[in-house]
Amino acid sequence: MAHPDQLGDTRHVRKGRVFGGLAGFLVLLALIYGIYLLVIAGEFKTIAPHFEGSCAQVPGVVGGEDIALLPGGDSALIAADDRRANARGPELRGGIYIYSPGDPETPPRLVSPEDAPTSLHPHGLDLHHGDGRTTVFVVNHRYPYLSGHAIEVYAWTGAALEHQRSVEDPLLRSPNDVVAVDHARFYATNDHGSSDAFGQKLEDYGRLARAGVVYYDGERFTEVASELRYANGLALSPDGGTLYVAATTDRVLHSFTRDPATGALSDHREQFVGTGIDNLDVEPDGTVWTAGHPKLLSFVRYAADPDKIAPSEVLRLTPGDYGLSVTQVLLDSGRQLSGSSSAVRSGDHLLVGTVHDPHILDCTMAAE
């Protein structure tokens, strides 16, 4: 018979083996999950830069994240904010600028008022033109940076923006983009369900579907879509019957059928596009333009360190009998532009915005 001390030693050995096996299993799971994240983030992609045409860097704005064409397409509004500087402090006010496509020698001009609202840090923007007037909607993150959020509403006078009102609500937890329905109503994305940095990182790296879309009917907000991953850019089809939502970390374009009377969304569809799409722009014929991040973790490193670069990509999504046909129009290593976030076309000019760089791109497209 074994001595009691020997039995105790045996039990300790068995426990050690169990705990060692469990620890090894957890390490293996973590390794597999890490590889999975690298794959879905696109980190193993080969970047072969190309563009049929030529591009010029347009200085004068830092972090020109979203771009929208004014009626006629001869001028564009740019929502710009130096996000890195504001994350460190003290506050450096952002602004909305106007730029004429095809004139890279003339820097963008500030058109937002310098005093209203008192804290302006623009993100996504959109506009509605009708009844002889143009209304501009802009996502604004208050300072201290990301401490509060609003949708700022401006009237375009033809030369400048006049601030009309600020729309705030607890449902604007983490707004990213906005799309106008008319002069009063709009949709906005919440790219996270959490408003704090830790909760947002947990959503991103834990692949938690807690983002969504809210609708403002002119008086109140309602949540109309939920359980999305990093809901980002928004756009309406030309007939107003379809709402497009970019899901960056899923590399998916969501499409919803929209009820024009109530704003409710239904008939949810998904199209995999294979890259971390950001903002969206829709042309009158239904063509969707988007820019994004082919290597999402490279973008994260670039966002934290201005000495690093991240590849940029522009896609054209053309309506067809079987959904949207995806064409890669531009791919850049990050040398011309890092962290592309928006793309709009004006004639043969393609404007490409960025989350952090101190310039945008004005690209002249070759004749097709």
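So, here's what we can say about the structure. (Residues numbered from 1 in each chain as written. Predicted model: local features only at pLDDT ≥ 70, side-chain atom pairs only at ≥ 80, totals over all residues. Heavy atoms only, no water.)

Looking now at the side chain of Ser 119. Looking at where Ser 119 falls in the secondary structure, it is placed in the loop between strand 6 (109–110) and strand 7 (122–130). Assessed through its relative accessible area of 9%, Ser 119 is described here as buried. For Ser 119, the side chain forms a polar contact with the side chain of Glu 91, separated by 3.0 Å. Filtering out sequence-adjacent residues up to four positions away, Ser 119 remains in contact with Glu 91, Arg 93, Asn 140, Arg 142 and Tyr 143. (Helix = DSSP H or I, 4+ residues; strand = E, 2+ residues; numbered from the N terminus. Buried < 20%, exposed > 50% of the residue type's maximum accessible area, 1.4 Å probe, protein only. Polar contact = N/O pair within 3.5 Å; in protein donor to acceptor, adjacent residues only side chain to side chain. Contact = heavy atoms within 4.5 Å.)

Time to look at the packing of aromatic side chains. In this structure the tally under the stated criterion is 7 aromatic pairs. A centroid spacing of 5.9 Å and a plane angle of 50 degrees characterise the contact between Phe 299 and Tyr 302, whose relative ring orientation is tilted. With Phe 299 and Tyr 302 both in helix 4 (residues 296–304) and 3 residues apart, the pair spans about one turn of that helix. Across the pair, exposure class does not vary: Phe 299 and Tyr 302 are buried alike. Among the aromatic residues, those joined into a cluster by ring pairs are Phe 137, Phe 186, Tyr 216 and Phe 221. Residue placement shows Arg 84 over the ring face of Tyr 302; its charged tip is 4.8 Å from the ring centre. (Phe/Tyr/Trp six-rings, centres within 6.5 Å; stacked < 30°, edge-to-face > 60°. Lys NZ or Arg CZ within 6 Å of the ring centre and 35° of its normal.)

On to the state of the cysteines, then. One pass over the full model with this rule turns up 1 disulfide. A sulfur-sulfur distance of 2.1 Å marks the disulfide that ties Cys 55 to Cys 363. Its S-S torsion of approximately 105 degrees makes the covalent link between Cys 55 and Cys 363 right-handed. Note that Cys 55 is positioned in strand 2 (residues 53–59) and Cys 363 in strand 25 (residues 359–365), a separation of 308 residues in sequence. For Cys 55, a relative accessible area of 22% translates into the label partly exposed. (Disulfide = S-S within 2.5 Å.)

In terms of burial, strand 13 (residues 211–216) is largely enclosed, as 6 of its 6 residues are buried. Alternating residues of strand 13 divide into Ala 211, Val 213 and Tyr 215 and Gly 212, Val 214 and Tyr 216, and every residue in both groups is buried. Examined bridge by bridge, strand 12 (residues 186–190) and strand 13 share 5 bridges and lie antiparallel to one another. Its bridge partner lying in strand 13, Phe 186 is registered against Tyr 216. Note: strand 13 against strand 14 (residues 221–228), 5 bridges, orientation antiparallel. Pairing of Val 213 across the sheet is with Ala 225, part of strand 14. With antiparallel pairing between neighbouring strands as the criterion, strand 13 and strand 14 make up a hairpin whose turn holds 4 residues, including Gly 218 at a positive phi of roughly 100 degrees. (Pairing = 2+ DSSP bridges.)

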